[in-house]
Amino acid sequence: MISTAGVGGRLLADFDGSGAVNFDDFFMFAEAFGKPASGASAKFDLDGNGAINLDDFFVFADRFGKKAQ
Ligand SMILES: [Ca+2]
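Along each chain, residues carry numbers from 1 onward, in the same order as the chain's sequence is written. In keeping with the model being predicted, local features are shown solely for residues with a pLDDT of at least 70 and side-chain atom pairs are shown and tallied solely at 80 or more, while totals for entire chains, interfaces and linings include all residues. To get the side-chain values, all heavy atoms of the structure are used, and hydrogens and water are removed first.

A separate point is helix 1 (residues 23–32). Burial classification: accessible surface area is computed with a 1.4 Å probe over protein chains only, and a residue below 20% of its type maximum counts as buried, one above 50% as exposed, and the rest as partly exposed. Elements are defined by DSSP. Helices are runs of H or I of four residues or more, strands are runs of E of two residues or more, and each kind is numbered from the N terminus. Turning to helix 1, its buried residues are Asp25, Phe29 and Ala32. Projected down its long axis, helix 1 shows its buried positions confined to an angular sector of 60°, all on one face. Residues Phe23, Phe27 and Glu31 are exposed on helix 1 and point more than 90 degrees away from its buried face. The backbone nitrogen of Asp24 has a side-chain oxygen 3.1 Å away, supplied by the residue at the start of helix 1, namely Asn22. Gly34 lies just past helix 1 and shows a positive phi near 85°. Each C-beta atom gives one direction from the helix axis, and the arc is the one those directions make. Nitrogen and oxygen atoms within 3.5 Å of one another constitute a polar contact, given that in protein one can donate a hydrogen and the other can accept it, and given that sequence-neighbouring residues count only through two side-chain atoms.

Let us now look at the nonpolar core. Nonpolar cores were defined as sets of buried Ala, Val, Leu, Ile, Met, Phe, Trp, Tyr and Cys residues, with membership established by side-chain atoms within 4.5 Å. If you look at the biggest cluster of nonpolar residues, it comprises 13 residues, and the most contacted ones within it are Ala13, Phe15, Phe44, Leu46, Ile52 and Phe60. Going through the elements one at a time, helix 1 and helix 2 (54–63) are the ones with two or more residues in this core. Other than its neighbours up to four places away in sequence, Phe44 contacts Phe15, Met28, Phe29, Ala32, Ile52 and Asp56. We call two residues contacting when some pair of their heavy atoms lies within 4.5 Å.

Quick look at the coordination of the calcium ion now. At 2.2 to 2.4 Å from the calcium ion lie its protein donor atoms, namely Asp45 (OD), Asp47 (OD), Asn49 (OD1), Ala51 (O), Asp56 (OD) and Asp56 (OD). For Na, K and Ca the donor cut-off is 3.2 Å, and for all other metals it is 2.8 Å, counting N, O and S atoms only; because water is absent from this set, sites may look incomplete. Each label reflects the angles at the metal, where four donors whose angles all fall between 85 and 135 degrees are tetrahedral, four or six donors whose opposite pairs open beyond 155 degrees and whose other angles stay between 65 and 115 are square planar or octahedral respectively, and the rest are irregular. Between the six donor atoms coordinating the calcium ion, the angles at the centre fall across 54 to 165°, so the site counts as irregular. In the primary structure, the donors to the calcium ion are separated according to the pattern D-x1-D-x1-N-x1-A-x4-D.

Before going further, it helps to spend a moment on the environment of Asp25. Inspection of the secondary structure puts Asp25 in helix 1. Residue classification places Asp25 among the buried residues on the basis of a relative accessible area of 0%. As a C-alpha pair, Asp25 and Phe44 span 19 residues in sequence and 9.8 Å in three-dimensional space. Every residue in contact with Asp25, bar those within four places of it in the chain, is listed here: Ala13, Asp14, Phe15, Asp16, Ala20 and Phe60. A polar atom in the side chain of Asp25 sits 3.1 Å from the backbone nitrogen of Asp16.

The following block contains the structure:
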């Protein structure tokens, strides 16, 4: 089960920290897609399995349009 709660007060999948999960975050995710999840790109590995792939996209899609509480 993947937690969709915010991490450390930040909204999961809000990669740019704008307070909402929107297209700005999608473009960042798309840029990292298919690359190894390490260092600065680790945040894009939403399911934490070490790869940035379709599984992470599904998590992202689930978060899309959400705003910080
Ligand atoms: Ca992943």
